[in-house]
Amino acid sequence: MTSQLQLKIESSFTDVQFIDIRSQLPVNPNYTWSQLAGIRDINALNTIVCHHDALPKYKTIKYGDVELASRIATDHIRSKKNHPKGDAGFPYDLWIRNGIIYWCNDVEPREYGVAGNNGYTVNICVSGDYKNYDQLTPEDRKALYAAIISMKNYLPKDQYIKGHNQIQPTDCPGYDMDQVREGVLSLEKEIEQIKSPNKQEEIAYRMANYILYLQKLSLGKNHNGTAASPGDMKWALGQLLKLEPEFRRLGFLK
Ligand SMILES: [Zn+2]
């Protein structure tokens with residue numbers, strides 16, 4: 001089953017690749033994630049959890065990205081840790097490698113990302129072992145921030161951004177989550193600023209509209225075209241004339 005909702009990369013990240021590999025990864029022949037563990041209400045999802053896959057890069061360098069993701073999925077399907085017939089498949093929603101974001105699972109089905117906490121969490125993973133061997137590369141860091149912001153856009157609720165180790169005792173994700181949260185916040189501000197010209201035009205439009213509304217009302221015409229009461233006309237004229245000092249100060253009136 002493919003999700004009705006489309007997870008898309010936030011449009012500001014023109015240089016980060018986002019590739020849907022949901023249909024390319026091995027799945028357990030016995031069940032999908034939704035058949036094994038059910039579907040979550042998207043409104044219940046309020047926490048984005050960051051992971052690493054704990055595979056040191058020097059050990060995985062020989063594999064292509066999709067090849068490595070497939071190996072991870074197969075390991076989980078073969079693992080008897082949670083079920084005699086194994087997990088359903090790849091355990092994360094988004095997985096990052098070589099600066100590319102891979103979409104690996106529909107977001108709503110429950111995966112086993114954080115034991116006992118899978119009712120409200122979505123999972124973003126960066127390939128590598130950041131506890132013992134690796135450092136986030138600038139490309140992977142940028143992809144991680146882009147993945148988090150894109151996931152925030154996809155989900156209806158405000159999101160907490162947590163490391164796996166902030167929910168359970170674990171070495172995952174091994175990278176500094178304070179830095180991740182600060183980085184995401186400042187990128188979000190940058191994006192807002194890039195998009196703000198439209199917001200300023202909208203404010204100007206609303207101001208002009210409101211002045212017109214007050215002027216028409218002061219002349220006796222309601223919003224819907226009916227005759228305004230004398231009280232409303234007086235109020236509207238008074239409101240409009242409150243702008244006079246500012247207009248004179250700005251040189252709009254002589
Ligand atoms: Zn983890």
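From a predicted model like this one, the values you see are computed outputs, not experimental measurements.

## Some words on the overall build of the chain
Reasoning step 1: Looking only at helices and strands, the chain has seven helices and six strands in total.
Reasoning step 2: Going from the N terminus to the C terminus, the chain shows its helices and strands as β-α-β-α-α-β-β-β-α-β-α-α-α.
Reasoning step 3: What you see for the chain is a C-alpha radius of gyration of 26 Å, clearly larger than the 18 Å of a compact globule of 254 residues, by over 25%.
Reasoning step 4: With the principal axes as the frame, the chain shows a C-alpha extent of 80 × 35 × 30 Å.
Reasoning step 5: Taking all 254 residues of the chain together, 41% fall into the buried category.
Reasoning step 6: Residue pairs at least 24 apart in sequence account for 74% of intrachain contacts in the chain once pairs closer than 6 positions are excluded.

## Quick notes on the domain arrangement of the chain
Reasoning step 1: The domain boundaries assigned to the chain delineate domain 1 (11-175) and domain 2 (196-249).
Reasoning step 2: In this structure, domain 1 and domain 2 have C-alpha centres spaced 52 Å apart.

## As for the nonpolar core
Reasoning step 1: Core analysis: the biggest nonpolar cluster contains 34 residues, and Val107, Ile124, Leu144, Ile148, Met151 and Tyr175 have the highest contact counts within it.
Reasoning step 2: For this core, the secondary-structure elements that each account for two or more residues are β2 (47-52), β3 (94-97), β4 (100-103), β5 (121-126), α4 (138-154) and α5 (177-218).
Reasoning step 3: Setting aside residues up to four positions removed in sequence, Met151 forms contacts with Leu7, Ile48, Asp93, Leu94, Val107, Val122 and Ile124.

## Regarding the state of the cysteines
Reasoning step 1: Tallying each qualifying case throughout the model produces zero disulfides.
Reasoning step 2: Not part of a disulfide, Cys50 finds its nearest cysteine sulfur in Cys172, a span of 8.9 Å.
Reasoning step 3: Take Cys50: its relative accessible area is 0%, and that puts it in the buried class.
Reasoning step 4: Cys172 supplies the cysteine sulfur nearest to Cys125, a cysteine that is in no disulfide, at a spacing of 6.7 Å.
Reasoning step 5: On the basis of relative accessible area, Cys125 is assigned to the buried category, the value being 0%.

## Description of the coordination of the zinc ion
Reasoning step 1: Distances from the zinc ion to its protein donors, namely His51 (ND1), His164 (ND1) and Cys172 (SG), fall within the range 2.0 to 2.3 Å.
Reasoning step 2: All donors of the zinc ion belong to a single chain; written as a sequence motif, their spacing is H-x112-H-x7-C. Residue His51 is found in strand β2, and its partner His164 is found in the loop between β6 (160-163) and α5; the two are separated by 113 residues along the sequence. There is no split in this pair, since His51 and His164 are both buried.

## Description of the packing of aromatic side chains
Reasoning step 1: The full count for this structure, using the stated rule, is nine aromatic pairs.
Reasoning step 2: Geometrically, the ring pair formed by Tyr210 and Tyr213 is tilted, given 5.5 Å between the ring centres and 40 degrees between the ring planes. With Tyr210 and Tyr213 both in helix α5 and three residues apart, this pair spans about one turn of that helix.
Reasoning step 3: Taking relative accessible area as the criterion, Tyr210 reaches 41% and is therefore assigned partly exposed.

About the cut-offs
Residues numbered from 1 in each chain as written. Predicted model: local features only at pLDDT ≥ 70, side-chain atom pairs only at ≥ 80, totals over all residues. Heavy atoms only, no water. Helix = DSSP H or I, 4+ residues; strand = E, 2+ residues; numbered from the N terminus. Rg over C-alpha atoms; globule rule 2.2 N^0.38 Å. Buried < 20%, exposed > 50% of the residue type's maximum accessible area, 1.4 Å probe, protein only. Contact = heavy atoms within 4.5 Å. Domains from an automatic or database assignment. Core = buried A, V, L, I, M, F, W, Y, C linked by side-chain atoms within 4.5 Å. Disulfide = S-S within 2.5 Å. Donors = N, O, S within 2.8 Å, 3.2 Å for Na, K, Ca; no water. Phe/Tyr/Trp six-rings, centres within 6.5 Å; stacked < 30°, edge-to-face > 60°.

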